[in-house]
Amino acid sequence: MGKIGFIGLGIMGHAMAGNCIKAGHSLAVYNRTRSKADDLAARGARIADTPADAARGADIVISMLSTPDVVEDAAWADNGFAPAMAKGAIWMDSSTVDPAFSRRMARRAAEAGIRFIDAPVAGSKLPAEKGELIFLLGGGSPDIKAAMPYLKAMGKRFIHAGEHGKGAALKMVFNYCSGLGMAVFCEALVLGERLGLEKELLLDSLPGSHVVMPLITGKKHKFATDEYLPEFPLKWLQKDLVLATKSGWECDVSLPLGNIGKEIFEMAKVKGMGDLDFSAVYKFMKENY
Ligand SMILES: NC(=O)c1ccc[n+]([C@@H]2O[C@H](COP(=O)([O-])OP(=O)(O)OC[C@H]3O[C@@H](n4cnc5c(N)ncnc54)[C@H](OP(=O)(O)O)[C@@H]3O)[C@@H](O)[C@H]2O)c1
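Residues numbered from 1 in each chain as written. Predicted model: local features only at pLDDT ≥ 70, side-chain atom pairs only at ≥ 80, totals over all residues.

Colleague: Help me get a handle on the site of the ligand, residues and values and all.
Modeller: Gly10, Arg32, Thr33, Ser124 and Phe232 are the nearest of the 24 residues found near the ligand. For the shell around the ligand, the secondary structure elements donating two or more residues are α1 (11-22) and α12 (234-250). Looking at the shell around the ligand, the element that brings in the most residues is α1, giving three residues. Here the shell around the ligand is built from residues that sort into 10 nonpolar, nine polar and five charged. Lining the shell around the ligand are residues from two domains, each supplying at least three of them: domain 1 (3-163) and domain 2 (169-288). (Near = placed C-beta within 6 Å. Helix = DSSP H or I, 4+ residues; strand = E, 2+ residues; numbered from the N terminus. Nonpolar A, V, L, I, M, F, W, Y, C, P; charged D, E, K, R; others polar. Domains from an automatic or database assignment.)

As structure tokens, then:
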């Protein structure tokens, strides 16, 4: 069993770290809001005072943070984890970031003598809790093989997409589908209601049918109850569409739908819905269309 430094204990990181403990690994955990580590400490994790403290002596550091800027600070700012890591140790970044960022982190890691894997995940709170995430991996095969005992503690499927940045690229594509798919479904729901159809009838007929993706079907209860407790916070889905459209600009592809979707979620965020689940875009549309 290995020694893990785990950085970031939000909705996803907390569940993933818990599964690493369950698998028998030894954990030092760091989170900006320290109290989120309390129950992990009760299960045997050591609470670190800084990211660097979590990384010392670790075989692998796993970061699960919100945005590229936050990841970069946790890694390289004062008390950052990267310079504290042992030479040859692995940094696995599971945060959703853009491919150019992952490639840059891989270069910096190599200069510091550490191995880097971009390893974002498909799957939300429930798969994270069940250890059933799908890992989208970018990096060298030997490094991914070395990380497998840790990956297996948290996931059920592992897709090696290619060299550094390709895991992040695949994640951009996954979330492009989930974000825009959600926006289309919610707009259709609003249309149906304005056409005089009962919401109950719409929710009985659309989710589970061939036209609605399983991710949305799994959130049927949220639309039914108008409760949007976050599994995947809307502000992070909006961030992912920002990163996807930026990445599109970098590779010269026009993304009209992505840009419209990004702004729809931005408007919902500005209306105070950023911390709700991203399915709350329905609430935004219903109140504002
Ligand atoms: N939720 C999902 O369904 C899902 C699925 C796949 C991928 N993701 C991606 O996974 C990552 C984490 O998502 P999440 O849902 O776990 O989000 P979350 O619950 O909001 O957690 C975000 C994490 O980042 C930390 N953080 C945020 N801003 C920070 C700052 N300025 N300085 C230091 N730490 C900061 C938070 O610390 P505090 O606890 O102190 O706020 C927390 O550890 C994101 O990149 C997201 O896009 C999420």
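Anyway, onward from the coordinates.
Colleague: Break down the environment of Gly261 for me, with residues and values.
Modeller: You can see Gly261 is positioned in helix α13 (residues 256-273). Under the C-beta neighbour-count criterion, Gly261 is labelled buried, with 24 such atoms within 10 Å. Each C-alpha atom of the pair Gly261 and Tyr282 lies 13 Å from the other, and the pair is 21 residues apart in sequence. The residues touching Gly261, leaving out its near neighbours within four places in the chain, are Gly179, Leu180, Ala183 and Leu241. (Buried ≥ 20, exposed ≤ 12 C-beta atoms within 10 Å, placed from the backbone. Contact = placed C-beta atoms within 7 Å.)

Colleague: Let's hear about the domain arrangement of the protein: which residues, and what values?
Modeller: Domain annotation for the protein reports domain 1 (3-163) and domain 2 (169-288). Domain 1 and domain 2 are separated by 28 Å when their C-alpha centres are compared. With 15 residues of domain 1 in contact, the opposing surface of domain 2 contributes 16 residues. When residues of the side of domain 1 that touches domain 2 are traced back to their parent elements, those giving at least two are α5 (99-111) and β9 (155-162). For the side of domain 1 that touches domain 2, the residue count by class is nine nonpolar, four polar and two charged.

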